[in-house]
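Fold and geometry: a report
Given next are the chains, with one letter for each unit.
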Amino acid sequence: MQKLQYISFIVMIMLSCTDADDNIEQTLAVYTSGNTIETGAVIACAASDANTGEVLTFYYPEEGASNIRFYETKNIEVDHEDYTNYNQIVISSSPFFNGHLGKFTQESSNEKWVIITFELDGEIKISNPIRIKHLTKPTVWTEDVTINQSISGMPIFSWEFDAVGDNAIYFQVISDNEDNLLSGTYTYESSFQYYNTNNVVLNVTTQTPPDLVIGNDYNFTLMDVSLDNWVNLVVTKSFTAQ
């Protein structure tokens, strides 16, 4: 009887250890080891919330993407190119622009590097490292944009170039009054015309954008993104199509 109790005790310990191992949050190096990966394949950036100071990490989940993960370093002093320095953080994302993009929201007492990953077509897709700067360079939120509607249904949006410094690229979104993304584009220039892609260098619009309905309300959102994928400035402005 004592022998059976001893065996049962050992089995319980083994099961307990197995469960604990299953819950260990992996480093990015462990997760990617032995797998096919593609770096720079997840479009992602981060900003600080103007009201709460929380860090908002945005990403574009391609159709069919699964197992979306959030990795971060302990601080900014570590080598941000070394995947052993990135630990998985179990955090839920929420839909942004009704799910066209995703958003992670978290409080953070220090700055760090972040990487977003997902699985697609048998590969692990990995974003470029995102430098979180919510303490040293909080994101500026403004409505400063000029909207020229001299061409009906095709407004031209213009804003100050490199308004707060450190600009690398601009991401602009036109959405309807129900927050559905109509177009999502990147430009190097500080202007964009709906829907003219002549100066667009990257396009995350998945369907042909609809014609704007004259008299309906729409929203313009702009993100001024740095080389290290921090959003320096966000412009949001509502307008009525003319």
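The structure contained in this document is the topic of the report that follows. The shown structure was predicted, so the numbers you read here are calculated from the model rather than taken from an experiment.

Rules of the game
Residue numbering note: each chain is counted from 1, following its sequence as written. Residues qualify for local features only when their pLDDT is at least 70, as the model is predicted, and side-chain atom pairs are given and counted only at 80 or more; totals for whole chains, interfaces and linings, by contrast, use all residues. Note that water and hydrogens are dropped before the side-chain values are worked out from all heavy atoms of the structure. Only DSSP runs of H or I covering at least 4 residues are called helices, and only runs of E covering at least 2 are called strands; the numbering of each starts at the N terminus. Buried, partly exposed and exposed residues are distinguished by accessible area as a fraction of the type maximum, computed with a 1.4 Å probe on protein chains only: under 20%, between the cut-offs, and over 50%, respectively. Only heavy atoms enter the contact rule, under which two residues are in contact if any of them lie within 4.5 Å. Within this document, salt bridges are pairs made up of a side-chain nitrogen of Lys or Arg and a carboxyl oxygen of Asp or Glu, the two lying within 4 Å of each other. Two strands are counted as paired when DSSP detects at least two bridges linking them. For every element, the axis is a line fit to its C-alpha atoms; helices are fit only across the contacting stretch, and the angle between N-to-C directions ranges from 0 to 180 degrees.

Considering unusual backbone geometry
Of the consecutive residues Y194 and Y195, the connecting peptide bond is found in the cis state with omega at -20°. Relative to the assigned elements, Y195 resides in the loop between β16 (191-193) and β17 (200-203). Look at D166: it is not a glycine, yet its phi comes out positive at around 75°. The class of D166 is partly exposed, set by a relative accessible area of 40%. Phi is positive for D179, close to 75°, though the residue is something other than glycine. On the secondary structure map, D179 appears in the loop between β14 (169-176) and β15 (181-187).

Comments concerning the environment of T39
Position of T39 relative to the elements: it lies in strand β1 (residues 37-42). With 85 residues separating them along the chain, T39 and I124 place their C-alpha atoms 8.5 Å apart. Contacts of T39, omitting those with residues within four sequence positions, involve Y83 and I126.

Some points on the pattern of salt bridges
Side-chain pairs of opposite charge can arise whenever the charged atoms involved come near each other. Within the structure shown, the criterion is met by seven salt bridges. The residue E38 makes a salt bridge to K125 at a minimum N-O spacing of 2.6 Å. Highlighted residues: E38 in strand β1 and K125 in strand β9 (residues 123-127), separated in sequence by 87 residues. Across the pair K112 and E72 runs a salt bridge whose closest N-O atoms are separated by 2.8 Å. Within this pair, whereas K112 is found in the loop between β7 (101-106) and β8 (113-120), its partner E72 is found in strand β4 (residues 66-72), the two being separated by 40 residues in sequence. Each of the two residues, K112 as well as E72, counts as buried. If you follow the salt bridges from partner to partner, you end up with E38, E123 and K125 in one network.

Brief notes about the sheet that holds β17
Spatially, six strands are ordered β11-β19-β18-β14-β15-β17 in an open sheet, and the strand pairing comes out mixed. Of all strands in the sheet, those bounded by a partner on one side alone are β11 (140-142) and β17. Across this sheet, the average inter-strand angle for adjacent strands is 20°, counted without regard to direction.

What about the sheet that holds strand β12 (residues 146-148)?
Spatial strand order, β12-β13-β16: three strands in an open sheet with antiparallel pairing. Two strands in the sheet have a free side with no partner beyond their single neighbour: β12 and β16. Mean inter-strand twist for the sheet, computed between neighbouring axes without regard to direction, equals 15°. Examined bridge by bridge, β12 and strand β13 (residues 156-158) share three bridges and lie antiparallel to one another.

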